[in-house]
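Topology and contacts: notes
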Amino acid sequence: MTHATGPQRRASFDRWGPYALLAVGLVTAGASAHAIGMSRGETEAAGALVVAALLLQLSWGRVTSDTPGPNRVTALLYFVRWAMAFALTWLNPFFGIYAAVGYYSSSLHLARRLIPLGLLMTAVTMAGSEIGGMPPHGPLMWVIFAAVFCTNVGLVGLFFRFADQEQRRIEDQADTIDELERTNAALQQALDENAALHAQLLVQAREAGVADERRRLAAEIHDTIAQGLTGIIAQLQVVSNAPDLATAHTHLERASSLARHSLGEARRSVHNLAPVELASAGLPEALKKLVADWGERTGVRAEFTVTGTAESLHEEVSATLLRTAQEALSNAARHARARRLGVTLTYLGDEVILDIRDDGTGFDPAAVPARSHAGGFGLAGMRARAERIAGSFAVESEPGHGTAVSARVPLVRDDH
């Protein structure tokens, strides 16, 4: 079952209410005509006015269909209807029932400046009906009429004020709702733009990561493979000038060893182009295996811990943290001479934190030389990785007191 809204009920009463009030007024006036002494002429005049009022109401909708009010046409019809109701009430006070429609319909058919006039004129008609008919007979009845009229005016003014306040409240509420809708639309647009910007930043981060990997691989090739090939060439040159087979054999063995080492370095560099460790496992599993393999290879006691609730991270975030851990462990193996090392992965609200601590020799972070053109990834590279995805990187170390590095990055969940 559907329920009519306030405006629908109001429109329905404006359409059918005048007919109902006219009918009730006609019945009560007809029943009381003899009691109040209506003459034959007054009765015929009342009948003619009732017919005219009925015709006016029947034509009301057709006349105002092209010009919905309030406007001049509806104002004219309102005052014509008031004149008919006033005349009917003059003839028989019970027609005041019909005249009461003026109270209700004034705000529907009159401009704001005319509403007080319409209510005042209706109050005159209603006061005449309430004292038993117009005109008042004698001074006392005029006093009573004035008192009743003032009471009607006071009540109408009070109700009009309340209605006006309610109308203003409704209009303010409608304006507030419109403003909220505009704000929500703007917020949704901002969210859509933010999502698009976030996706663009991830693409840029991926592209920057590819460029960084290319620079890292170029540096590794220069530091390892290129140097190995240079050594091989040098050994082969010695072989070509060797005075005997024993010397040649010795340098060939060295060249072969350098070649095997360079091949291993090449495979390691290619392997590190993409974090294949993340292809079949999440970040915690990849880090756990990385730490375990590193500890077995170096003989250092290494532990891995996860705190917080692990979540599936965006591949760029996972790759950044894994690469940072690989570089930090590589640095520790080359420089720290540590006995113990700990790696902690922390899921903290909207952040993921990777901490790596060792009890090695430590160093003075302020004394670290700037990265050379052919240098490795290093601390600057780890910091660049974290900052590329809106994260941060910190180093705490002191000679003789170990080293701690920490990468904090946003917790961006995997969309897949």
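Check the entry above for the structure.
For the structure given in this document, a descriptive report is provided here. (Residues numbered from 1 in each chain as written. Predicted model: local features only at pLDDT ≥ 70, side-chain atom pairs only at ≥ 80, totals over all residues. Heavy atoms only, no water.)

Notes on the side chain of S129
Filter applied, for reference: Think of it this way: any DSSP run of H or I at least four residues long counts as a helix, any run of E at least two long counts as a strand, and we number them from the N terminus. Relative accessibility thresholds used throughout: buried, under 20% of the residue-type maximum; exposed, over 50%; partly exposed, between the two (1.4 Å probe, protein chains only). Any two residues whose heavy atoms approach within 4.5 Å at even a single point are treated as in contact.
If you trace the backbone, S129 turns up in helix α6 (residues 115-130). Look at S129 and you get buried, because its relative accessible area is 16%. When neighbours within four sequence positions are excluded, S129 is seen to be in contact with T89, P93 and G96.

Here's the deal with a negative patch on the surface
Applicable threshold: Think of a patch as exposed residues, more than 30% relative accessible area, with no salt bridge, where like charges cluster within 9 Å and nonpolar side chains (Val, Leu, Ile, Met, Phe, Trp, Tyr) cluster within 5 Å. Only the protein chains shown count as covering a residue, and every accessible area follows the Shrake-Rupley method with a 1.4 Å probe. Here a salt bridge means any side-chain nitrogen of Lys or Arg lying within 4 Å of a carboxyl oxygen belonging to Asp or Glu. Asp and Glu count as negative and Lys and Arg as positive, but His and the ends of the chain are not part of the count. To locate a charge, take NZ of a lysine, CZ of an arginine, CG of an aspartate or CD of a glutamate.
A cluster of like negative charges, contributed by E171, D172, D175, D178 and E181, occupies part of the molecular surface. Inspection of the secondary structure puts E171 in helix α7 (residues 139-240).

Digging into the sheet that holds strand β3 (residues 351-358)
How we decide: When DSSP finds two or more bridges between a pair of strands, those strands are recorded as paired. Between the N-to-C directions of two axes lies an angle of 0 to 180 degrees, each axis being a line fitted to C-alpha atoms and, for a helix, fitted only over the stretch in contact.
Read across the open sheet, the five strands follow the order β1-β2-β3-β5-β4; overall the sheet is mixed. The open sheet has two edge strands, β1 (301-307) and β4 (392-397), and neither has a second partner. Shown here is a sheet whose adjacent strand axes are inclined to one another by a mean of 10 degrees, direction ignored. In this sheet, strand β2 (residues 340-348) lies alongside β1 in parallel orientation, the contact comprising seven bridges. Bridging across to β2, E303 finds its partner in G342. Against the sheet, helix α11 (residues 378-388) makes contact with β4 and β5 (403-410), and its axis sits at roughly 145 degrees relative to β4, the strand it touches most.

Thoughts on the nonpolar core
A general feature of soluble globular proteins is that nonpolar side chains tend to end up buried together. Rule in force here: What we call a nonpolar core is a set of buried Ala, Val, Leu, Ile, Met, Phe, Trp, Tyr and Cys residues that are connected through their side-chain atoms within 4.5 Å.
The biggest cluster of nonpolar side chains holds 37 residues, and the ones touching the most others in it are L283, L287, L321, L341, V352 and I356. Contributing elements (two or more residues each) for this core: α9 (283-298), α10 (315-336), β2, β3, α11, β4 and β5. The greatest single-element share of this core, amounting to nine residues, is contributed by α10. Look past the residues within four positions of L321 in its chain and what remains in contact with it is L283, L345, V352, L354, A407 and V409. One finds A46, M84, L91 and M126 within the second-largest nonpolar core, a separate group that totals 18 residues.

Remarks on the packing of aromatic side chains
Our working definition: Working definition: rings of Phe, Tyr and Trp (its six-membered ring) pair if their centres are within 6.5 Å, and the pair is stacked with planes under 30 degrees apart, edge-to-face with planes over 60 apart, and tilted otherwise.
In total, this model carries six aromatic pairs according to the counting rule given. A ring pair is formed by F86 and W90, whose centres lie 5.9 Å apart and whose planes are at 55 degrees; its orientation type is tilted. Here F86 pairs with W90, and both are found in helix α3 (residues 72-91), just four residues apart, close to one helical turn. Ring geometry for F145 and F149: centres 6.2 Å apart, planes at 15 degrees, overall stacked. Separated by four residues within a single helix, F145 and F149 lie in helix α7, roughly one turn from each other. The exposure class of F145 is buried, given its relative accessible area of 11%. Three or more aromatic residues joined by ring pairs form one cluster here, namely W82, F86 and W90.

A short note on the packing of α10 against α11
We apply this condition: Roughly parallel here means an angle under 35 degrees, roughly antiparallel means over 145, roughly perpendicular means 65 to 115, and every remaining angle is called oblique. Definitions for this section: a left-handed crossing has its near helix turned counterclockwise from the far helix by less than a right angle. A right-handed crossing has that turn clockwise.
The N-to-C vectors of α10 and α11 enclose an angle of 165 degrees; their axes lie 10 Å apart at closest approach. Here α10 lies roughly antiparallel to α11, going by the angle between them. Once α10 is placed against α11, the crossing between them reads as left-handed. From α10, T320, R323, T324, E327, A328 and N331 reach across to α11, where they touch G378, M382, R385 and A386.

Brief notes about the pairing of β4
Regular strands show a simple pattern: their side chains alternate between the two faces of the sheet. A one-sided burial pattern is seen for β4, the buried positions being F393, V395 and S397 and the unburied ones S392, A394 and E396. One ladder, built from six bridges, connects β4 with β5; its direction is antiparallel. Counted as the bridge partner of F393 is A407 from β5. Counting the residues between successive antiparallel strands, the hairpin from β4 to β5 contains five residues, one of them, G400, with a positive phi of roughly 85 degrees.

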